[in-house]
Amino acid sequence: KIGKDCQISFGVIIWPSDGHAITDLDGNCLNKGKDITIGNHVWIGMDSKILKGANIPDNSVLAAGSIYTQNSNPKSPIQVGGGYLQVFLQNLLSKILCGTEKIAMILKMKRISI
């Protein structure tokens, strides 16, 4: 599922399975695929990879080349990437938000470095 108003760059791979089956001796599949959910207003940079079971919350950003595998809290926006992404987001927020709104938005974001 992909939410509304998402920006997905080129070269992004959204992979809900392992691409092959692993079975036990009885033929039961051991590595079933899992749904991927991308929330509303999510930015995904070029060549990022989103793997099975991932849940990307609303208002999140994945920097170019990110590999995302987590099932995050759907109420907490995340950002995946390094220092350049942090500077970019701070500049963007300072242009669209002001005063206490800006501080509240920055405090809500949970940073995940890879």
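Let us look at the structure shown here. (Residues numbered from 1 in each chain as written. Predicted model: local features only at pLDDT ≥ 70, side-chain atom pairs only at ≥ 80, totals over all residues. Heavy atoms only, no water.)

This brings us to a nonpolar patch on the surface. A cluster of nonpolar residues, Ile13, Trp15, Leu51 and Ile67, forms a patch on the protein surface that exposes about 340 Å² of accessible area. Secondary-structure assignment places Ile67 in strand β8 (residues 67-68). Under the relative-accessibility criterion, Ile67 is labelled partly exposed at 48%. (Patch = residues over 30% accessible without salt bridge, like charges linked within 9 Å, V, L, I, M, F, W, Y side chains within 5 Å. Areas by Shrake-Rupley, 256 points an atom, 1.4 Å probe, with all protein chains shown as cover. Salt bridge = Lys/Arg side-chain N within 4 Å of Asp/Glu carboxyl O. Helix = DSSP H or I, 4+ residues; strand = E, 2+ residues; numbered from the N terminus. Buried < 20%, exposed > 50% of the residue type's maximum accessible area, 1.4 Å probe, protein only.)

Strands pair in a sheet through their backbones, by hydrogen bonds, and they do so in one of two ways: parallel or antiparallel. The strand order β2-β5-β8 describes an open sheet built from three strands, whose pairing is parallel. Edge positions in the open sheet fall to β2 (13-15) and β8, since each of these has one partner strand only. Where strand β5 (residues 49-51) meets β8, two bridges bridge the pair, whose relative direction is parallel. Looking at the pairing, Lys49 lines up with Ile67 of β8. (Pairing = 2+ DSSP bridges.)

For the rest of this paragraph, the subject is the nonpolar core. Counting residues in each nonpolar core, the largest one holds eleven residues, listed as Cys6, Val12, Ile36, Ile38, Val42, Ile44, Ile50, Ala54, Ile56, Leu62 and Tyr68. Apart from residues no more than four positions distant in its own chain, Cys6 is found in contact with Ile38, Gly39, His41 and Val42. (Core = buried A, V, L, I, M, F, W, Y, C linked by side-chain atoms within 4.5 Å. Contact = heavy atoms within 4.5 Å.)

Summarising the element assignment, Met46 is placed in the loop between β4 (43-44) and β5. Residues Met46 and Ile8 lie 38 residues apart in sequence; the distance between their C-alpha atoms is 7.5 Å. Excluding residues that lie within four positions of it along the chain, Met46 makes contacts with Ser9, Phe10, Val12, Ala64 and Gly65.

Moving on: the side chain of Ser60. Tracing the backbone through its elements, the reader meets Ser60 in the loop between β6 (55-56) and β7 (61-62). Polar side-chain contacts of Ser60 include one of 2.8 Å to the backbone oxygen of Pro57. (Polar contact = N/O pair within 3.5 Å; in protein donor to acceptor, adjacent residues only side chain to side chain.)

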